[in-house]
Every structure is written in structure tokens, then in C-alpha cells.
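This is what each chain is made of:
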Amino acid sequence: MSIVRRSLARLLPAVAIVMCAETQAFAQNAPTTYRVTFPEPEHHWMQVEATYTGLGLVPLKARMSRSSPGRYAVHEFSKNVFWAEAFNGRGQKLSYTRPDPYEWDVTGHDGTVRLVYKVFGDLVDGTYLAIDTTHAHLNIPAAFMWAAGFDDKAIKVIFTPPAGSNWKVGTQLYPTSDPFTFTAPNLQYFIDSPTELSNFVMSTFTVPNADGQPATFRIVAHADGSQADVDALAKLVERLVREQEAVCGEFPHYEPGYYTFLLDYMPWDDGDGMEHRNSTCITSAGPSLKTPQGRLSAMSTISHEFFHNWNVERIRPAGLEPFNLRGANITCCLWLAEGFTQYYGPLLQARAGEPSRGLPFPSPNPVINGSGREVRSAVQMSEYAAFADAAQSVDPTDQNRTFISYYTYGAAIALGLDLSLREISGNKLSLDDYMRLLWKTYGKPGGLAPGLVGKPYTLRDLRDRLGELSGNRKFADEFFDKYVEGREVADYARLLQQAGYVLRQRSPQAGWFGAVNVQVLPDGALTVVGTPTPFATPAYDAGIDLGDAIVTVDDQPATSSIWNALRQRKPGDVVKLTIRRRDGAIVNKTMTLKSDPALEVVAIEQAGGTLSDAQKAFRESWLGTKVK
Ligand SMILES: [Zn+2]
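Residues numbered from 1 in each chain as written. Predicted model: local features only at pLDDT ≥ 70, side-chain atom pairs only at ≥ 80, totals over all residues. Heavy atoms only, no water.

**Section: a nonpolar patch on the surface**
(1) Moving on: A surface patch of nonpolar side chains, amounting to about 290 Å² of accessible area, comprises F82, W83 and F120.
(2) Moving on: According to the relative accessible area criterion, F120 is partly exposed, its value standing at 37%. (Patch = residues over 30% accessible without salt bridge, like charges linked within 9 Å, V, L, I, M, F, W, Y side chains within 5 Å. Areas by Shrake-Rupley, 256 points an atom, 1.4 Å probe, with all protein chains shown as cover. Salt bridge = Lys/Arg side-chain N within 4 Å of Asp/Glu carboxyl O. Buried < 20%, exposed > 50% of the residue type's maximum accessible area, 1.4 Å probe, protein only.)

**Quick word on helix 7 (residues 339-351)**
(1) Moving on: Counted at 1.5 Å a residue, the expected span for helix 7 with its 13 residues is 18 Å, and the 19 Å between its end C-alpha atoms agrees.
(2) Moving on: For helix 7, the tally of buried residues reaches 10 of 13 residues, placing the bulk of the element in the interior.
(3) Moving on: Listed in full, the buried residues belonging to helix 7 are G339, F340, T341, Y343, Y344, G345, L347, L348, Q349 and R351.
(4) Moving on: Each element contacted by the buried residues of helix 7 is listed here: helix 3 (227-248), helix 5 (299-307), helix 6 (334-337), helix 12 (406-424), helix 13 (431-443) and helix 19 (613-623).
(5) Moving on: Directly beyond the C-terminal end of helix 7, a positive phi value near 85° is found at G353. (Helix = DSSP H or I, 4+ residues; strand = E, 2+ residues; numbered from the N terminus. Expected span 1.5 Å × (residues − 1). Contact = heavy atoms within 4.5 Å.)

**Some remarks on the layout of surface pockets**
(1) Moving on: Computed from the structure, the largest pocket encloses a volume of approximately 770 Å³.
(2) Moving on: Lining the largest pocket are 31 residues, and of these S300, T301, G345, P346 and Q349 lie nearest its centre.
(3) Moving on: For the lining of the largest pocket, the secondary-structure elements that each account for two or more residues are strand 19 (272-275), helix 4 (292-297), helix 5 and helix 7.
(4) Moving on: Element by element, the count of residues in the lining of the largest pocket is highest for helix 7, at five residues.
(5) Moving on: Taken together, the residues of the lining of the largest pocket sort by class into 10 nonpolar, 13 polar and eight charged. (1 Å grid on protein atoms, 1.4 Å probe; cavity = no way out; pocket = protein on both sides within 12 Å on 5 of 7 lines; lining within 4 Å. Points joined across faces, edges and corners; volume = space filled by probe spheres on them. Nonpolar A, V, L, I, M, F, W, Y, C, P; charged D, E, K, R; others polar.)

**Quick word on the side chain of S377**
(1) Moving on: In this fold, S377 is placed in the loop between helix 8 (365-368) and helix 9 (378-383).
(2) Moving on: With residues near it in sequence (within four places) discarded, S377 still touches Y409, V484, E485, G486 and R487.

**Notes on the pattern of salt bridges**
(1) Moving on: Taken as a whole and judged by the stated rule, the model has 41 salt bridges.
(2) Moving on: Put simply, E85 and K93 hold a salt bridge, and the shortest N to O gap is 2.8 Å.
(3) Moving on: When its relative accessible area of 22% is taken as the criterion, E85 is described as partly exposed.
(4) Moving on: The exposure class assigned to K93 is exposed, which follows from its relative accessible area of 55%.
(5) Moving on: For R569, the salt bridge goes to D573, with nearest N and O atoms at 3.1 Å.
(6) Moving on: With a relative accessible area of 26%, R569 lands in the partly exposed category.

In C-alpha cells:
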């Protein structure tokens, strides 16, 4: 508790300055206040009584967000608001208008508007709102209307849990002397502060930070587990955060005085992990905290999300700062913000000594062989996020052949860059040094207020910093031109060989024509269904795609077993096909099978070779612990 008080004391002067400036503008300016109640949690809705003050003569424009920090598609949270009434400061009822589907406009007030509304939610994940008799799981954009034009105004939230519920509050919002009242210094901080109300179990630990001050961490678990179980998980998390600290060299300053892991593991949860500035919200139906295996299985999402407290929350790409709540956000650099985080997640688990079943780094195969690389670079994949990240539409998409997740793509770039930096420097420089430079340059300086990042980076900045770190502008330019902004891939076989790993074709003898899903039609022909035919495959070159029917294969009537048996044929074999188009037109085509290009990474010891001393040392310096 003492560390909490010390941290808050450090913050108070900055908050006070912001409040003073506003007090001059509006004499009776109080924070926007939300009173939250749960009259019928079994019906999955809550009531919010929002009081907006200091409005002066301008209309209140109360908006529901259309997006949520850490998510890149629009989510239309407004649809779940089902009842709203407005009052002035004297309690007289006011009318409102709806200029668009996301806004409630109130005029004719006395400088204060009290807006009371109800909102439904029943999806436990990192994006939405979920209310039931066990908890209220709040992602703030899904629940709270904010006043447009008042982004810098402080916010106060007062929760009243259902009677007899034993609910407590877990959140990165600033605590007060009342356990159910919290504050946020501004809208960006508020919107980024997921909140869990339940009878959760909490475990707390501290780790010394580089500045000598202890950093405090809280595990808040709404799960089937005892205090001892959550404490056992906390031990794993403590070991991991020490390993994570070693990458950038220090923990950030956590403004409320602590970083909070909000873990929700109930059987009806969706699987999700969402990063925030001083917390993460992780949900899953999976892990049981009662067993060592269950606790270990929780660690991969924890590792990924915690690395975000540097990478994306503070080392932040320009397109996400400040986060636009009115629509989708676009950025150049999710390949770094998400992809590098994806790379570090398992790598840091391995450095922390957690047992793993697979390799502690990603295979570059999905990127090397990804059809999407024919048309989009890693930057362009990032720019496509609004349509790929839990986006919904009714028409089919071609994402299977035009898109590679920026997680996968970026993780492969991270692998290539880590091994390249080690290669050109005789293992003196690594991706850790690059992340540390980005942290010192863009993350650590902070912003004007908690929740704001003062120096978001651009794509150009990333290239420049790599030139600076490596002392080799040509290397940096080539790396970005080819692998980040271009569509080439690094020479992973050579790079991995340094650490004694072999990149090889998994089944070079297998005939391959690409991923084409077929379904049997009533007349026996095979129709292509599901997703469009990937680029640069024998099937694409043969002109087969969605809606076509394959009538014969090598002059035999096509059957699923004949089609599937093509995979047993040899590379170079030519297959004769009769294809019927949607309009009934018949065309004859040939398809030349290729060698299956799928790649695997194997340790040289498993590939029948011997690990040299140099490879062993390289592997240890890459994958071994950095905690002294
Ligand atoms: Zn992530």
C-alpha cells in the first residue's frame, strides 16, 4: 500500500494543474460523473447516470464510441443502448435529438445535463460489455457515453454493485478513499480502463524497477481458483515480468500505482486478450487455475499482453494517437505493434524458463508461402486491419489470398530483424536493443497527461532508428525497402542456421496445387466453395476458382477421392481437367503440380546434424534468460 500512496502523491500536482486551468474557464466545473447500477444483472443490462457539467451554452453531444483501443474494426456499441432520458441541473426533463446513430444531442440545458440510460451486454471478451449475476465485465467504450469536445475533462465513476453480491472493483482507474469510486484524468485514459466487478481473488507482488522504486503488479482473477491458486499463478507471472523488463531495461511508470492483470476465466467467456496502458483484460473459457498445467496455459496470452505495456501502449504508432472513438483507426505499423509483440510473447516465456511444446519463435512459413504477399506488404497488411480484426460483413472476402495477419507477418519480420542484427554485429546487437531504443525515444518521454503519448512514431522513424542502432544506413534501408515496405522475405534459412536451426520443405515429394476446397454437387461434379483460390498456385494458374465445377480429372468423372489423391502424385505431373463455369460453359484446362512448398523449422540435432559450439553460444544468447 505504501507504494500506491507514493505514486499517487507524485501524480497529484499534474492533475491539479489541469483542473486549475479548467476551473478558470468554468466556475462550477466538476468532473463528468457516472453513477453505475445493476438493477437486474440476470437480464444483462446496467444503468448509467451520467452528469455532464460546465457545458456553458453549448449543446451536449453525448456519443457512444464506434471503436475501442486495441481493436481496429468498428463495433457500433450504440446499438446496445435501449433507453435514455435527459434532465437539466434542476432535475427538469429535457428532450434530445439524434443527429446520427451514435449521438444524443441535448440543448436548452442550464450548463448541466444528467443523462440516464440503460445498456445491454452479454459477451465476455476484451471489447464488449458483459453483465450477469457473477460479474459486470466492462470495456469502457461499450458502456459509457462521453461528451464531445470535453476530452481533457476529468471523470469520476461511482459503482453500486447489486445488493448482496460481494462484488469488488478491479481496474486501472485511479482509486479513491471509497472502494467503489474511481477517477480518470481525461477521456483517453478513461476509455482505456476496462473494469471488472465481481467477487474476484487478488494477488499482489512487487518487482524492483531500474530506478530503485518497486513496481507493483496485481492479479485480479474471476475464475475457479483459490487464493493459493492465484498466488501460484502470480509466481509464474512475476518470473515472466522480470524477463520482460530486461528487454527495454525498465518497467514504465504505472500511473495509478500498479499494473493490473484482469483475468476472467469462466466457462461462458470468449477467448480474448486486450492490452491497455496500466492493465490487460484477458478472457478465456479454457484455463483452470487449479492445476499447474492450467496456470501454464494461461501464460501465453499474459506474456503477449504484458509486452504491450511497452509496445503499443507507450511505444505507439502515430495513427493510434490519440485514439479516434468515432470510427476505425488506421496505422502503418501493426506489424511492429502486434507482430513484434507476437514474436516476444513465446520468446520471453522461453527465456523465463517456461516449458514449451514447440519452438519458442514463429515459423516464417506462413509469410514465405502466404498468397497475400503477392499483393500487400507488411505495412499494407497493417492498413487493412479495420477489415480483418473482428470485422463483420455479409459479402465474401478474399482475405485468404490477399491478407496475411500483421501478427504473423510482423512476427516473421521480428525474427528476421533479430537474427539479422545479431548476424551483422557478431551477436552484439539484437532486437532487444532496437526495442530499448524505441522505448527510450518514443515511449519513456511520456505525454502531457496520463493516457496520452507525446511522441508517437512514424514508419520513417522506425527506419531511421534502425539505421542509428546498426550504424549502417544501407542495412536499415534495405531491410525496410525489402521486408517491411516491399514484399520480399529475408533469407531465413541462412539466418536460422546461425542458431542451429534448419529451415526445410516439409514434404518436398508431395504434389501440390494450392488450397482449393470442393463440395460434391448432385450431379457428381465438384464445385469450388469457401474461399477464393490463392495466388501463385497451380490451381490459380489453371483458372479454377469459386463457383466453378470440376467435371473430370484426367478424363475420369471427378470425385472427392480422385481430387484428394492428387496430393499423392509427383511434382511436375500434368493433370487434365474439365471445368464447368457458372453459366454452364465447359473449358478444358491442364494443371501442373508443384512440389509442396510448405516449410518447417527443426533444430539441427533433430535433423541429424550436430550443433556447433558457435551455434550453441548463439542460441543461448538469443533464447537464454537475461535476468541477472
Ligand atoms: Zn496484441
